[in-house]
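Descriptive analysis of the structure
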Amino acid sequence: MTLRSLLRWPASYPLALVIALMALVPVGVLFGLASDEAQLFDAHNLKVLTNTLLLMVFTVLGSILIGVPLALLTAYVQMPWRRLWLILLAAPLAIPSYIGAFTLYAAFGRGGEIENLLGLPMPAMDGLVGATIVMILYSYPFVMLTTRASLLSLDASLVNAARTLGMSLGVSLWRVVLPRVATGIAAGGLLVALYTLSDFGTPAIMRLDTFTRVIFVEYNAFGLSQAAMLSLQLLVIVGLVLFLESRVRGSRERPGRHLTIWPGRGQRLVIALSVVPILVLAIVLPLAVFGIWLAREGTEGFEFSYAWNSVHASLLAAIFAVILAVPVAHAAIAGRAGRLMERMTYFGFGVPGIVMGTALVYVGLQLPFLYQTLGLLVLAYVLRFLPLAVGSVRSTAEGLDPSLVKAARVLGASPREAFQRVTLPLTVRGMVAGAALVFLEAMRELPATLMLGPTGFETLATYLWRVYEAGYFGRAAIPGLLLVLMSALGLALMLSGERRAEFDVTETPHS
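First, a word on scope: everything that follows refers to the structure included in this document. Every value quoted in this text rests on a predicted model; they were computed, and no experiment measured them. (Residues numbered from 1 in each chain as written. Predicted model: local features only at pLDDT ≥ 70, side-chain atom pairs only at ≥ 80, totals over all residues. Heavy atoms only, no water.)

1. Let's talk about the overall build of the protein chain
Scanning the protein chain from terminus to terminus reveals 24 helices and zero strands. Residues counted as buried form 51% of the 511 residues belonging to the protein chain. Put simply, of all contacts in the protein chain between residues at least 6 apart along the chain, 83% involve residues at least 24 apart. When the accessible surface of the protein chain is split by element, carbon and sulfur atoms take 66% of a total near 23,900 Å². (Helix = DSSP H or I, 4+ residues; strand = E, 2+ residues; numbered from the N terminus. Buried < 20%, exposed > 50% of the residue type's maximum accessible area, 1.4 Å probe, protein only. Contact = heavy atoms within 4.5 Å. Areas by Shrake-Rupley, 256 points an atom, 1.4 Å probe, with all protein chains shown as cover.)

2. A closer look at the packing of helix α4 (residues 82–90) against helix α14 (residues 265–297)
At a minimum axis distance of 10 Å, the contact between α4 and α14 shows a crossing angle of 40°. Classified by the angle their axes make, α4 and α14 are oblique. Facing W85, L88 and L89 of α4, the residues of α14 in contact are A272, V275, L279 and I283. A class-by-class count of the residues in the contact of α4 with α14 yields seven nonpolar, no polar and no charged. (Axes fitted to C-alpha atoms, helices over the stretch in contact; angles between N-to-C directions. Parallel < 35°, antiparallel > 145°, perpendicular 65-115°, else oblique. Nonpolar A, V, L, I, M, F, W, Y, C, P; charged D, E, K, R; others polar.)

3. A look at empty space enclosed by the protein
Within this structure, the stated rule accounts for three cavities of 30 Å³ or more. One number sums up the size of the largest cavity: a volume of about 50 Å³. In this structure, the largest cavity is lined by L73, T74, V77, M79, R82 and W85. For the lining of the largest cavity, the secondary structure elements donating two or more residues are α3 (43–76) and α4. A breakdown of the residues in the lining of the largest cavity according to their chemical character gives four nonpolar, one polar and one charged. (1 Å grid on protein atoms, 1.4 Å probe; cavity = no way out; pocket = protein on both sides within 12 Å on 5 of 7 lines; lining within 4 Å. Points joined across faces, edges and corners; volume = space filled by probe spheres on them.)

4. Here we look at helix α18 (residues 374–398)
Here α18 spans 34 Å end to end across 25 residues, near enough to the 36 Å set by a 1.5 Å rise per residue. Remark: the principal bend of α18, roughly 55°, maps to F385, with a proline, P387, within the next four residues. (Expected span 1.5 Å × (residues − 1). Bend = angle between axes of the 7 residues up to and from the residue.)

5. Focus on the packing of aromatic side chains
For the coordinates displayed, the defined rule picks out 18 aromatic pairs. Plain terms: the ring middles of F216 and W465 are 6.3 Å apart, the flat faces sit at 90° to each other, and that makes the pair edge-to-face. Of the two residues, F216 is situated in helix α12 (residues 211–220) and W465 in helix α23 (residues 460–470); the sequence distance between them amounts to 249 residues. The residues F216 and W465 share a single accessibility class, namely buried. Directly above the aromatic system of Y346 lies the positively charged group of R343, at a separation of 5.6 Å from the ring centroid. (Phe/Tyr/Trp six-rings, centres within 6.5 Å; stacked < 30°, edge-to-face > 60°. Lys NZ or Arg CZ within 6 Å of the ring centre and 35° of its normal.)

6. As for the packing of helix α17 (residues 353–366) against α18
The interhelical angle for the contact between α17 and α18, taken along N-to-C directions, is 140°, at an axis separation of 10 Å. Considering the angle they form, α17 stands oblique to α18. Here the hand of the crossing between α17 and α18 comes out right-handed. Touching G353, M356, L360 and G364 of α17 are L376, L379, A380, L383 and R384, all from α18. In terms of residue class, the contact of α17 with α18 is built from six nonpolar, two polar and one charged. (Left-handed = near helix turned anticlockwise from the far one by under 90°.)

7. A short note on the nonpolar core
Core analysis: the biggest nonpolar cluster contains 156 residues, and Y76, M144, L151 and W465 have the highest contact counts within it. If we ignore the near neighbours within four places in the chain, the residues touching W465 are F200, A204, I205, F216, L446 and L450. (Core = buried A, V, L, I, M, F, W, Y, C linked by side-chain atoms within 4.5 Å.)

8. What about the pattern of salt bridges?
Taken as a whole, this structure holds six salt bridges when the rule is applied. Taking the shortest distance from any N to any O, the salt bridge between R213 and D209 comes out at 2.6 Å. For R213, a relative accessible area of 22% corresponds to the partly exposed category. As a salt-bridge pair, R394 and E342 come within 2.5 Å of each other at their nearest N and O atoms. One end of the pair, R394, is in helix α18; the other, E342, is in helix α16 (residues 336–350), and 52 residues separate them in sequence. No difference in accessibility class separates R394 from E342, as the two residues are buried. (Salt bridge = Lys/Arg side-chain N within 4 Å of Asp/Glu carboxyl O.)

Structure follows, in structure tokens:
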């Protein structure tokens, strides 16, 4: 690239390039940290690899088996209170999986809350089976929502033609509809795979040795080199899943007639009864357990400074993420090089929190003024969740009318003045939405906060983890309920636009 071409780069490119390169720092640190002394393939590592892959595969399969039928239900079946069903079935996204794991672990097994309350002996919820059940319960909405979005874009004329030719409804859905939404199912399944690979709390609580749990154990045992080697192995799997995700392309069909299924009264009852157990395990039981603990122990041991610490750190991360997202988003709109820079920032979102924490711990050790400071923790949040802000800002900026900027330039405004006085004010909505998403994800982040938080700096997530380790389960009620409330706000933000668009489609006349 010549100097002349560099001078023609948009003004946002240099800053966007620096920000994009920051997202690659954790991987470079891990390569430097992993020494030859670290064990690459020993018996224990192979067991960890097997557990991780089994958990991922079982979770993806279970999420597809649950999510696809629920997508068909919420997209096509005319049930009473359809919007309420959609919200309830997507609601597990509002509960961090480690909270679900914590409450289900405490509810089941000998001496669990169910046995204490009802006198019914229950099997234990732990190990690979327990972790798989928990991960399926809190990740199937990814498959449901991506598949549902694909279903709502299909033209029902082919299904009607199949029915005319004598196919039953079930056969026509299987042979005509599902093949056309395979990319939506695959996209949801890959999101589930990424979520499972990056999750730390559920395997740790269920005592299943996966990469995330063993990395944390090695870190606590001062085996930073071995933790880095395990982190790199995990990143290889994550990178493969990200590559597969990038190859999935949604089908483009011209919108047409919407398929509508009217079940009978008995069929509606069967559908409701088949859905209720999922909602009970994923939502009702965790909230009930927290309610029991709250009634039993109240606010004992909890300090509201923990909530303030969570809000403070997450708010700083949201502000800095949006500031950094603006040049990256506008560079992505400006040209191909900018889009490459944007993709580089997405790498940080694919890095599990435990891996990000391992890399930045080493950075802190090399830079003592950063070690165990709030600044290092906020940096971890920003690197992990920057893509959320970039996506929101970019989607808003792409919808702007370019004639407004041209008019400002014609009236004598410089490019900087046009950006400050026209473009920036019109992208505020996307900036606020991106900041909200970063804030809510940072509130939920557990492993990076455990590893990078300043000494004595307790957040809602880390306090919940401490009471789990100490066995004081009852004290988890307040932080757990607050985290669920904050996550519910994030879910509402995510579903608001989706619900408006999709129900506009379903409310149009259909034959």
